Amino acid sequence: MYPWLSDTYEQLISRVKKHSLHHGLLIQGVDGVGKSDFCVHLAKSILCKSDENHACGQCQSCKLYEAQSHPDLYRLETDKQVGVDLVRDAITKLSTTSQLSGNKVLIMEAADSMTDSAANALLKTLEEPTDNTYLLLISSKSEALLPTIRSRCEKVTLSCSKSDDCIAWLKAQGIDSIEPKLLKLYQNSPLTLREHLAKREGLTYASFLENLDSLQHKHNSALQLAEQWQDEAPQVVLWMQYWVADKIKSKLQDNQKVWDFHHRLLEYYQTLQNPGVNRILVLCAVLNHVVDLN
Ligand SMILES: [Zn+2]
């Protein structure tokens, strides 16, 4: 288990054997905090037949789990919206008796992508759960779920509140010299940060800063940079928010122009979420603000 999630994990598994774990859990938190891995580990402990809190690794259930063929574990994953047929199929499976005479677990990825009819189909199971059945709904946008679904689940928010834990973990992964600042830029999502830094060809924060400096010294142009950065445009705007906020905080620049720019960056970030948007144009606008700050 990831160190930043272990306290929450221990709390939940200690409730499994006491039969006090809620049958519907909404596992929420930002992307890259480790929600899926958390649920998969939790499912193993819920299914384990031993009396221990932690999965024993020895019983029939643990062995089937390791072989990825546990008959009472259902994972609902899809690239599209979670539709009503998928949910009905999962509910039918859950309503049959456990094949190992123990608990049953359904893990649903991106639960917020459920269609309304899928959510309504699931609602009945949440209201009248079958015995020994646990539903683990994963979402990084839980506010998009139907309120009726949210209210029938116990919410478990996963986060990385101790940056030291994350930095130590990243170091163990071979990623050194991570500052808490950089982690914050990634919304305290160690897995996203690791993924991003593993892209060797990708843009780094250090090169972003260097390029901004040369833009302000007119060694390159807004258009050149926009073309260079178009694939990473949302990341660039995210970093830019931080860069500007840092200027305001350190009072290097504290005028209306900087505040306006800071405010506009939120709009630019939202514009970039539209598919088909001209990223070069948006980045040019952003970078022209940087030039204008000089
Ligand atoms: Zn076991």
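Residues numbered from 1 in each chain as written. Predicted model: local features only at pLDDT ≥ 70, side-chain atom pairs only at ≥ 80, totals over all residues. Heavy atoms only, no water.

(A) Just the domain arrangement of the protein chain, in detail. Taken domain by domain, the protein chain consists of domain 1 (3-157) and domain 2 (200-292). Centre-to-centre, using C-alpha coordinates, domain 1 lies 40 Å away from domain 2. (Domains from an automatic or database assignment.)

(B) Summary view of the sheet that holds strand β1 (residues 24-28). Strand order in the open sheet formed by five strands is β2-β3-β4-β1-β5, with parallel pairing between adjacent strands. The sheet is open, and its two edges are formed by β2 (73-76) and β5 (154-157), each paired on a single side. Each adjacent strand pair in this sheet contributes to an overall mean axis angle of 20°, direction not counted. Bridge count for β2 against strand β3 (residues 104-108) is four bridges, and the pairing is parallel. When the sheet's bridge partners are listed, Arg75 is paired in β3 with Ile107. (Pairing = 2+ DSSP bridges. Helix = DSSP H or I, 4+ residues; strand = E, 2+ residues; numbered from the N terminus. Axes fitted to C-alpha atoms, helices over the stretch in contact; angles between N-to-C directions.)

(C) Expanded view of the coordination of the zinc ion. Taken together, the protein ligands of the zinc ion are Cys48 (SG), Cys56 (SG), Cys59 (SG) and Cys62 (SG), with distances of 2.3 to 2.4 Å. Among the residues examined, Cys56 registers a relative accessible area of 27% and is labelled partly exposed. (Donors = N, O, S within 2.8 Å, 3.2 Å for Na, K, Ca; no water. Buried < 20%, exposed > 50% of the residue type's maximum accessible area, 1.4 Å probe, protein only.)

(D) Highlighting the environment of Leu64. Turning to its location among the elements, Leu64 is positioned in helix α3 (residues 60-66). On the basis of relative accessible area, Leu64 is assigned to the partly exposed category, the value being 23%. Taking C-alpha positions, Leu64 is 20 Å from Met1, a pair spaced 63 residues apart along the chain. Look past the residues within four positions of Leu64 in its chain and what remains in contact with it is Ser69, His70, Pro71 and Leu100. (Contact = heavy atoms within 4.5 Å.)

(E) Quick look at the packing of aromatic side chains. For the structure on display, the rule yields six aromatic pairs. A ring pair is formed by Tyr2 and Trp4, whose centres lie 4.9 Å apart and whose planes are at 5°; its orientation type is stacked. Under the relative-accessibility criterion, Tyr2 is labelled buried at 14%. Residue classification places Trp4 among the buried positions, given a relative accessible area of 8%. (Phe/Tyr/Trp six-rings, centres within 6.5 Å; stacked < 30°, edge-to-face > 60°.)

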